[in-house]
Amino acid sequence: MLNADQVAQFSQDGFLIVRGLLDASRVEAIKQRAESIARGEESHVPPSRLQLEPVVASGEQSADEGANSLRKMSHVAFVDDVFRDHATTPAILDCVEALLGPDLKLYQDQLFMKPPRIGSRQAYHQDQPLGFHVEPADRMVTCWAALDAATIENGCLWMLPGTHKHGWIDKEKWQEVEEQAVADDLSTERPVELSPGDCSFHHGHILHSSRPNLTDKRRWGYATHYVSAHCRYVGDDDNDALLVRGRSIPGCV
Ligand SMILES: O=C(O)CCC(=O)C(=O)O
């Protein structure tokens, strides 16, 4: 569980780093499974869950191996036991429970793979308005688990502390912030450099981004997105959110 200072820091900044949360065997297990999914050896993971890096998709460049052509894998914990074991890791859920309360659902998961040299920039955005159909909208937290070292050079996350307090921010403002960041004129942004096994937790409304990978080493980070089970579901699609702790609430997500 997080202590009171950590919870206060999260509510002030909109994100929090917890070092050494995952043991090496957990990190290794998910990396191996992701490798084998990328090689096409796991038929239970539909190819539609894999997304190519834009330069590979456009044919502009090819990558030396399967995993290094991928930008991300999505919604894998819903079909794969190793990914699900990670998403339900008690140490992670203890932290999320301290931020969202005892009844928790996994809404989405994404392995961000940022391959060497071609791993592209992720522009400034808020997570929750991008497809997390819940109300109250602020009851969402992402755990971003470092599977490799995440550094400034290989494209770690960058956060704009305090922006979660504004709720939904106009997308024109996202664009403005993005342009400032690309011009290296955003003095308030903070890098989230992590070692393998470290996790950062971020609020669904914080503005954040990640830079291109300029190195020869990949940067894998596995994001699991949780919502309070007390949220109402306000989307049109099927709601397949997975209960990961506590109880489901009738009429809710
Ligand atoms: O890992 C990245 O490059 C982007 C991650 C992100 O935007 C997120 O976890 O919400």
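Everything here concerns the structure above.
**Describing the pattern of salt bridges**
Tallied over the entire structure, the rule returns 16 salt bridges. As a salt-bridge pair, Asp 13 and Arg 190 come within 3.7 Å of each other at their nearest N and O atoms. A residue pair is termed long-range when its members are at least 10 positions apart, and Asp 13 in helix H1 (residues 4–13) and Arg 190 in strand S9 (residues 190–192) qualify at 177 residues. For Glu 189, the salt bridge is made with Arg 211, and the minimal N-O distance between the two is 2.7 Å. Within this pair, whereas Glu 189 is found in the loop between helix H6 (171–182) and S9, its partner Arg 211 is found in the loop between strand S11 (208–210) and strand S12 (221–228), the two being separated by 22 residues in sequence. Taking the relative accessible area as the measure of exposure, Glu 189 reaches 8% and is therefore buried. Taken together, the shared-partner salt bridges in this structure form one network comprising Lys 31, Glu 35, Asp 148 and Arg 218.

**Some thoughts on the site of the ligand**
In the vicinity of the ligand, the residues found are Phe 112, Lys 114, His 125, Asp 127, Trp 144, Leu 157, His 202, His 208, Ser 210, Arg 219 and Ala 223. Contact distances for the ligand include 2.9 Å between an oxygen atom and a side-chain N or O atom of Asp 127. Within the contact set of the ligand, an oxygen atom lies 3.3 Å away from a side-chain nitrogen or oxygen of His 202. When grouped by side-chain class, the residues that make up the shell around the ligand number 4 nonpolar, 4 polar and 3 charged.

**Side note on the nonpolar core**
Core analysis: the largest hydrophobic core is formed by 41 residues, its most contacted members being Met 73, Phe 83, Ile 92, Leu 111, Phe 201 and Tyr 226. Apart from the residues within four sequence positions on either side, Leu 111 is in contact with Ala 34, Arg 71, Lys 72, Met 73, Phe 83, Leu 147, Trp 220, Gly 221 and Tyr 222. Phe 112, Trp 158, Trp 174 and Val 192 belong to the second-largest nonpolar core, a separate cluster that totals 21 residues.

**Focus: a negative patch on the surface**
A grouping of Asp 236, Asp 237, Asp 238 and Asp 240 is seen on the molecular surface, where their side chains present a negatively charged patch. Take Asp 236: it is sitting in the loop between strand S13 (232–233) and strand S14 (242–245). Note on Asp 236: relative accessible area 79%, which makes it exposed.

**Focus: the environment of Ala 38**
Along the chain, Ala 38 falls in helix H2 (residues 24–38). According to the relative accessible area criterion, Ala 38 is buried, its value standing at 16%. Residues Ala 38 and Asp 184 lie 146 residues apart in sequence; the distance between their C-alpha atoms is 34 Å. With near-sequence residues (within four places) excluded, Ala 38 lies in contact with Gly 66, Ala 67, Leu 70 and Met 73.

**Some details on the packing of aromatic side chains**
Two aromatic rings are characterised by how far apart their centres lie and by the angle between their planes. Summed over the entire model, instances satisfying the criterion amount to 2 aromatic pairs. On the basis of an interplanar angle of 75° and a centroid distance of 5.1 Å, the ring pair of Phe 83 and Tyr 222 is categorised as edge-to-face. On the criterion of sequence distance, the pair formed by Phe 83 in helix H4 (residues 81–87) and Tyr 222 in strand S12 is long-range, its members being 139 residues apart. We note that Phe 83, like Tyr 222, is buried.

What counts as what
Residues numbered from 1 in each chain as written. Predicted model: local features only at pLDDT ≥ 70, side-chain atom pairs only at ≥ 80, totals over all residues. Heavy atoms only, no water. Salt bridge = Lys/Arg side-chain N within 4 Å of Asp/Glu carboxyl O. Helix = DSSP H or I, 4+ residues; strand = E, 2+ residues; numbered from the N terminus. Buried < 20%, exposed > 50% of the residue type's maximum accessible area, 1.4 Å probe, protein only. Near = heavy atom within 4 Å. Polar contact = N/O pair within 3.5 Å; in protein donor to acceptor, adjacent residues only side chain to side chain. Nonpolar A, V, L, I, M, F, W, Y, C, P; charged D, E, K, R; others polar. Core = buried A, V, L, I, M, F, W, Y, C linked by side-chain atoms within 4.5 Å. Contact = heavy atoms within 4.5 Å. Patch = residues over 30% accessible without salt bridge, like charges linked within 9 Å, V, L, I, M, F, W, Y side chains within 5 Å. Areas by Shrake-Rupley, 256 points an atom, 1.4 Å probe, with all protein chains shown as cover. Lys, Arg positive; Asp, Glu negative; His and termini not counted. Charge placed at Lys NZ, Arg CZ, Asp CG, Glu CD. Phe/Tyr/Trp six-rings, centres within 6.5 Å; stacked < 30°, edge-to-face > 60°.

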